[in-house]
Amino acid sequence: MPNPKRRHSKRRTSTRRAHDAIAKPVGSECSNCGASKLPHRACPSCGFYKGRAVVEVEKY
Ligand SMILES: [Zn+2]
């Protein structure tokens, strides 16, 4: 198995890991009910998209 010839410095390791942060989860606010939803998708809680109901949402 190939092995690294020399150990990386702490600086080199931390410089590489500077780009490893987790991205923020995508989300936007529904204009009808204010719940958080995915952008360019109908709202999962009220079924609205672009100001009108596009899908039926089952209520329990
Ligand atoms: Zn909504």
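Residues numbered from 1 in each chain as written. Predicted model: local features only at pLDDT ≥ 70, side-chain atom pairs only at ≥ 80, totals over all residues. Heavy atoms only, no water.

## Comments concerning the overall build of the protein
- Helix and strand counts for the protein stand at one helix and four strands.
- For the protein, the succession of helices and strands along the chain, N to C, is α-β-β-β-β.
- Taken along its principal axes, the extent of the C-alpha atoms in the protein is 60 × 25 × 20 Å.
- Evaluated residue by residue, the protein yields a buried proportion of 10% over its 60 residues.
- Considering only contacts in the protein between residues 6 or more positions apart, those separated by 24 or more positions represent 0%.
- Positive and negative charge centroids in the protein, built from 14 and 4 side chains respectively, lie 24 Å apart. (Helix = DSSP H or I, 4+ residues; strand = E, 2+ residues; numbered from the N terminus. Buried < 20%, exposed > 50% of the residue type's maximum accessible area, 1.4 Å probe, protein only. Contact = heavy atoms within 4.5 Å. Lys, Arg positive; Asp, Glu negative; His and termini not counted. Charge placed at Lys NZ, Arg CZ, Asp CG, Glu CD.)

## A closer look at the coordination of the zinc ion
- Those donors, Cys-30 (SG), Cys-33 (SG), Cys-43 (SG) and Cys-46 (SG), are the protein atoms that reach the zinc ion, and they lie 2.2 to 2.3 Å from it.
- Classification of the site at the zinc ion rests on its four donor atoms, whose angles at the metal span 105 to 114°, yielding the label tetrahedral.
- For the zinc ion, the single-chain donor residues occur in sequence as C-x2-C-x9-C-x2-C. Within this pair, whereas Cys-33 is found in the loop between strand 1 (28-29) and strand 2 (36-37), its partner Cys-43 is found in the loop between strand 2 and strand 3 (48-49), the two being separated by ten residues in sequence.
- On the accessibility criterion, Cys-33 (39% relative accessible area) is partly exposed.
- The class of Cys-43 is buried, set by a relative accessible area of 1%. (Donors = N, O, S within 2.8 Å, 3.2 Å for Na, K, Ca; no water. Tetrahedral: all angles 85-135°; square planar, octahedral: opposite > 155°, others 65-115°.)

## Focus on the side chain of Lys-37
- Locating Lys-37 in the fold gives a position in strand 2.
- Glu-29 is the oppositely charged side chain nearest to the buried, salt-bridge-free Lys-37, at an N-O distance of 11 Å.
- Within the structure, Lys-37 has its side chain in polar contact with the backbone oxygen of Arg-41 (distance 3.1 Å).
- If sequence neighbours within four positions are ignored, Lys-37 has contacts with Gly-27, Ser-28, Cys-30, Ala-42, Cys-43 and Pro-44. (Salt bridge = Lys/Arg side-chain N within 4 Å of Asp/Glu carboxyl O. Polar contact = N/O pair within 3.5 Å; in protein donor to acceptor, adjacent residues only side chain to side chain.)

## Focus on the confidence of the model for the protein
- Summary statistics for the protein give a mean pLDDT of 88 and a share of 95% for residues scoring 70 or more.
- The secondary-structure element of the protein with the lowest mean pLDDT is strand 4 (residues 52-53), recorded at 78, while helix 1 (residues 10-17) shows the highest, at 96. (pLDDT = per-residue confidence, 0-100.)

## What about unusual backbone geometry?
- One non-glycine residue, His-40, adopts positive backbone phi at about 65°.
- Secondary-structure assignment places His-40 in the loop between strand 2 and strand 3.
- The class for His-40 is exposed, based on a relative accessible area of 68%.

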